[in-house]
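Residue strings, one per chain:
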Amino acid sequence: EAQVTQNPRYLITVTGKKLTVTCSQNMNHEYMSWYRQDPGLGLRQIYYSMNVEVTDKGDVPEGYKVSRKEKRNFPLILESPSPNQTSLYFCASRETGADSPLHFGNGTRLTVT
Amino acid sequence: DQQVKQNSPSLSVQEGRISILNCDYTNSMFDYFLWYKKYPAEGPTFLISISSIKDKNEDGRFTVFLNKSAKHLSLHIVPSQPGDSAVYFCAASNFNKFYFGSGTKLNVKP
């Protein structure tokens, strides 16, 4: 089954403790991206990647890092999480080229205390 | 400042009637527009899209209309079904960046 898999689904951590949220897709998509969803703000793009070793900032990249060492994986790294990063995070991938929709994972709910 | 806006947080419609969800955007460089449906505890699911060179795209019960001069996008669902009850997000894209509205919660009453 074609899918985007995120782990963990739920994560509670404390301020300053580094964490990684993993994302993997089995559709051989070159494009992958991360979003956060907050009430009243919809989904906002954090980072995206056009291909292996190619990443770029989205709308809200501050406080986040990403890496793209393999085509299928695109982890989101919070080096020093803060309470304002408490949010629902989604990873997505899509085929390269115009007019290709994003396919989303099921989300990771992160709470930073 | 949000480049894509959904001004109606919620919409309630009777089963069998038409649901019309609206979306406005500010950036005339957007070249691709999408609608997503989201159930609780799941990721957004792609519903329908439209390229900026078109003004209408239809897929079964779902039709998306694009009015570029007004920078307005709408999704029509006909007929509406209780299973359509969900949060709907519109999105716009340019140069591989995606911008989403804040969502409209649709409730279809049996």
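Please read these numbers as outputs of a predicted model, since none were measured by experiment.

This part is about the sheet that holds strand β8 (residues 72-77) of chain B. Residue and element names in this part refer to chain B. What the five strands build is an open sheet, ordered β1-β3-β8-β7-β6; its pairing is antiparallel. Whereas interior strands pair on both sides, the edge strands pair on one side only; in this sheet they are β1 (4-5) and β6 (56-59). Pairing between β6 and strand β7 (residues 62-67): four bridges, direction antiparallel. Looking at β7, one finds that Glu58 is bridged to Thr63.

The subject of this paragraph is the interface of chain B and chain A. The interface of chain B with chain A comprises 21 residues on the first partner and 23 residues on the second. Roughly 1800 Å² is buried in total at the junction of chain B and chain A, and carbon and sulfur atoms are behind 56% of that figure. The three residues of chain B that bury the most area against chain A are B:Asn96, B:Phe98 and B:Phe100, which together make up 31% of that side's buried surface. Sorting the residues of the side of chain B that touches chain A by element identifies β4 (32-38), β5 (45-51) and β10 (97-100) of chain B as the ones contributing at least two each.

A:Pro8 follows A:Asn7 through a cis peptide bond whose omega is -5°. Mapping A:Pro8 onto the fold places it in the loop between β1 (4-7) and β2 (10-13). Geometrically, the link from B:Val78 to B:Pro79 is a cis peptide bond, its omega value of -15° lying close to zero. Among the structural elements, B:Pro79 can be located in the loop between β8 and β9 (86-94).

Right, let's talk about the packing of aromatic side chains for a bit. Taken as a whole and assessed by the stated rule, the structure comprises 14 aromatic pairs over all chains. Each ring, one from B:Phe30 and one from B:Tyr99, has its centre 5.5 Å from the other, and the planes form 50°; the classification is tilted. Linking B:Phe30 in the loop between β3 (19-25) and β4 with B:Tyr99 in strand β10, this pair joins segments that are 69 residues apart in sequence. An aromatic cluster is defined as three or more aromatic residues linked by ring pairs; in this entry it consists of A:Tyr35, A:Phe90, A:Phe104, B:Tyr36, B:Phe46 and B:Phe100. Positioned above the aromatic ring of A:Phe74 is the side chain of A:Arg68, whose terminal nitrogen or guanidinium carbon lies 5.9 Å from the ring centre. Here the guanidinium or amino end of A:Arg94 rests over the ring plane of A:Tyr31, the centre of that ring lying 4.9 Å away.

Residues and elements named next belong to chain A. Ordered by their spatial adjacency, four strands build an open sheet running β1-β3-β8-β7, and the pairing between neighbours is antiparallel. Each edge of the open sheet is held by one strand with a lone partner, namely β1 and β7 (65-66). Here strand β3 (residues 19-25) pairs with strand β8 (residues 76-78) via three bridges, running antiparallel. Residue pairing across strands places Val21 opposite Leu76, the latter belonging to β8.

The rules behind these values
- Residues numbered from 1 in each chain as written.
- Chains lettered and ligands numbered in written order.
- Predicted model: local features only at pLDDT ≥ 70, side-chain atom pairs only at ≥ 80, totals over all residues.
- Heavy atoms only, no water.
- Pairing = 2+ DSSP bridges.
- Helix = DSSP H or I, 4+ residues; strand = E, 2+ residues; numbered from the N terminus.
- Contact = heavy atoms within 4.5 Å.
- Buried area = accessible area lost by both parts, 1.4 Å probe.
- Phe/Tyr/Trp six-rings, centres within 6.5 Å; stacked < 30°, edge-to-face > 60°.
- Lys NZ or Arg CZ within 6 Å of the ring centre and 35° of its normal.

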